[in-house]
Amino acid sequence: MSALYRHIGFSAVSERGVPAEGRQFERRITKNGGAAEARSAVSDETWRIVVNRVLESPKLPNQAAKPFLQLTPVVPDIALYSGSARRAGNSWPAGALIERLVVMGSSSADHALIVWQKLFEALSVDSDDDMWAQWLADEFAKRRISSHRWAFVRLKTGFSSDLTEISMPAQQFVRDLWAVLEAKQMMTRAQWVSLLGAVLRIGAVMHVIWLCDVHDRIWRFLRRALIDGTARDASVFVQEVFPKQLHYFEYGKAAVPVVRDFVNRYLTARLGINSLLWHLGDAESLQAPLAVHRLAQKAVNQRADLQRTGLLDRFALLQEREARTLSCKKGIGSNVVEFARHVLGQRQSQTEVLRGYDQAYFLKKQGIHTSAPWAVSFGPVSIISLVHCCMHRSAGPRSVHRLAQHVGAYGIHIGMDDLSAGDLGSKLRLLGLVLDSPDAETGMLLTPPFAAVPEGTSA
């Protein structure tokens, strides 16, 4: 969330500079609250309580004793001082992933721009936000330690029409994002930020897992073409590489081993694809799906030369040499697995008062010990967010079966037992999001969590 603020509205802010600005901001708070220059009516002590207690969010267990700001990103300015992935060095700009999701999940370039613009407007604090958010934004603006200004940053990622016919989690993400943006007026900003955070979390991680799956399918297609000496039709290629039905996680089942398996296959695929490109001396961009099919045809045409150079034998040797990396023990594989676990998993806290801070999770520990496995389990805010998105602008009642289909578009499978008598069904009842109905599948109908949102301009 913090990275998105920086990417969409603070163009001059680098991820690397956030920890340093956070330390400077914290020193000013410790010294005098930062209020002397700001001419604020709030006392230094009150401001310190707001920053260090009211806005505090959990640090990672191994960071609990380290003195640095970790704040809830309620308003944009907070992202200037908190929320970087690393405390030193260059952090990965996660906001760029959200931008790519918006572009890939939109139906056109104009559609992507509309969604991106509306997202910026919703993230901005104006007179329509609640008084707490307006006060926070005003106080942080008075205490800015740099010349950064909140201003719209246009899309940098180009739109590709080749992707519009392909099923991917990004498409469901854009639809859900729009639904959450339209719900902003129905709740406080803090509540809405939590709701938005849930959609960002599931969209980002499931898109990354989908990319891992697609890479694996591409390599299998290319390898089969090399072995069989035939590259099947482009239509067959699209069906094999980009499936209509996605199935990555099972509700209630362990998640991290699944992620590790997909990342392992992704790394193996990248090793194979790069080896093929190197042997062919090919520098063609593979961003368009049919470009990959052309690569398969080229590999078939030069199959004799590739066999003579021992491409597949060299690939097998590379697999052995890079076994530790491919098993996600280090490097990019380990980073991607940790990214998925950290983003989807419930935030852990060593501070008792912050134990219930994160309710927008999608993975939860199956035990209290540190080595307990992470299982797919939705938090209350995540469930509310998904039900709202599922029912957004629906013409009539929807059964819980429709919710399962909605979540399935991300690649998470929910069994009917989970919806009726399992963990998810129990949570839906406790949150008052279902009604018993003998006419509905599993006997339950979804109820909207918020009052009807007035019709606006649809993206």
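A quick note: this is a predicted structure, and the numbers were derived from the prediction, not measured.

Trainee: So what exactly am I meant to see when it comes to the environment of Asn301 here?
Mentor: Among the structural elements, Asn301 can be located in helix H11 (residues 289-301). Classification of Asn301 as exposed rests on a relative accessible area of 67%. In this structure the C-alpha to C-alpha distance between Asn301 and Trp219, which are 82 residues apart in sequence, comes to 17 Å.

Trainee: Where do I start with the packing of aromatic side chains in this structure?
Mentor: Across all of its chains, the model carries 18 aromatic pairs by this definition. With 6.3 Å between their ring centres and 35 degrees between their planes, Trp210 and Phe242 make a pair best called tilted. Here the residue Trp210 occupies a position in helix H8 (residues 189-228), and Phe242 occupies one in the loop between helix H9 (234-241) and strand S1 (249-250), the gap between them amounting to 32 residues. Given a relative accessible area of 10%, Phe242 falls into the buried group. Centre to centre, the rings of Tyr248 and Phe262 are 5.1 Å apart; their planes meet at 80 degrees, and the pair counts as edge-to-face. Of the two residues, Tyr248 sits in the loop between H9 and S1 while Phe262 sits in helix H10 (residues 256-280), which places them 14 residues apart along the sequence. Site record: aromatic cluster; members linked through ring pairs are Phe25, Trp47, Tyr81, Trp132, Trp135 and Phe140. A cation sits over an aromatic face here: Lys118 above Trp178, 5.1 Å from the ring centre. The ring of Trp192 has Lys184 sitting right over it, with the charged end atom 5.3 Å from the ring centre.

Trainee: Just checking my understanding: could you explain the nonpolar core for this structure?
Mentor: For soluble globular proteins, nonpolar side chains are generally found buried alongside one another. Counting 136 residues, the largest nonpolar core has Phe173, Phe378 and Leu428 as its most contacted members. A total of 22 residues in this core trace back to one element, the largest contributor, which is H8. In this view, Leu428 contacts Ile383, Val387, Val400, Leu403, Leu419, Leu433 and Val434; residues no more than four positions away in its chain are not counted.

Trainee: Honestly, the packing of helix H4 (residues 95-105) against H8 in this entry has me stumped. Any pointers?
Mentor: Relative orientation and spacing of two packed helices are given, respectively, by the angle between their axes and the distance between those axes. Axis separation between H4 and H8 bottoms out at 10 Å; the angle between their running directions is 75 degrees. Judged by the inter-axis angle, H4 sits roughly perpendicular to H8. Of the residues in H8, those touching H4 at Leu97, Ile98, Leu101 and Met104 are Leu200, Gly203, Ala204, His207, Val208 and Trp210. Class assignment for the residues of the contact of H4 with H8 results in eight nonpolar, two polar and no charged.

Trainee: Just to check I follow, could you spell out the pattern of salt bridges for this structure?
Mentor: Opposite charge on two side chains lets them pair, provided their charged atoms get close. Tallied over the full model, the rule gives 20 salt bridges. A salt bridge links Arg341 to Glu338, with the nearest nitrogen and oxygen atoms 3.1 Å apart. Of the two residues, Arg341 and Glu338 both sit in helix H15 (residues 331-344), three residues apart, roughly one turn of that helix. Judged by its relative accessible area of 38%, Glu338 is partly exposed. Each of Asp138, Glu139, Lys142 and Arg143 takes part in salt bridges that share partners, so that together they form one network.

Trainee: Can you help me understand H11 in this one?
Mentor: Look at H11: 19 Å from first C-alpha to last across 13 residues, which is about the 18 Å you get at 1.5 Å a residue. Among the residues making up H11, those that are buried are Pro289, Ala291, Val292, His293, Leu295, Ala296, Ala299 and Val300. The elements touched by buried residues of H11 are H8, H9, H10 and helix H12 (303-309).

Trainee: Help me out: how do you make sense of the packing of helix H1 (residues 2-9) against helix H5 (residues 109-123) in this one?
Mentor: Here H1 crosses H5 at 115 degrees, and the two axes come no closer than 11 Å. Classed by the angle they form, the pair H1 and H5 counts as roughly perpendicular. The chirality of how H1 crosses H5 is left-handed. Contacts from Leu4, Tyr5, His7, Ile8 and Gly9 in H1 reach Trp116, Leu119, Phe120 and Leu123 in H5. In terms of residue class, the contact of H1 with H5 is made up of seven nonpolar, two polar and no charged.

What counts, and at which threshold
- Residues numbered from 1 in each chain as written.
- Predicted model: local features only at pLDDT ≥ 70, side-chain atom pairs only at ≥ 80, totals over all residues.
- Heavy atoms only, no water.
- Helix = DSSP H or I, 4+ residues; strand = E, 2+ residues; numbered from the N terminus.
- Buried < 20%, exposed > 50% of the residue type's maximum accessible area, 1.4 Å probe, protein only.
- Phe/Tyr/Trp six-rings, centres within 6.5 Å; stacked < 30°, edge-to-face > 60°.
- Lys NZ or Arg CZ within 6 Å of the ring centre and 35° of its normal.
- Core = buried A, V, L, I, M, F, W, Y, C linked by side-chain atoms within 4.5 Å.
- Contact = heavy atoms within 4.5 Å.
- Axes fitted to C-alpha atoms, helices over the stretch in contact; angles between N-to-C directions.
- Parallel < 35°, antiparallel > 145°, perpendicular 65-115°, else oblique.
- Nonpolar A, V, L, I, M, F, W, Y, C, P; charged D, E, K, R; others polar.
- Salt bridge = Lys/Arg side-chain N within 4 Å of Asp/Glu carboxyl O.
- Expected span 1.5 Å × (residues − 1).
- Left-handed = near helix turned anticlockwise from the far one by under 90°.

Purely geometric numbers; function is a separate question.
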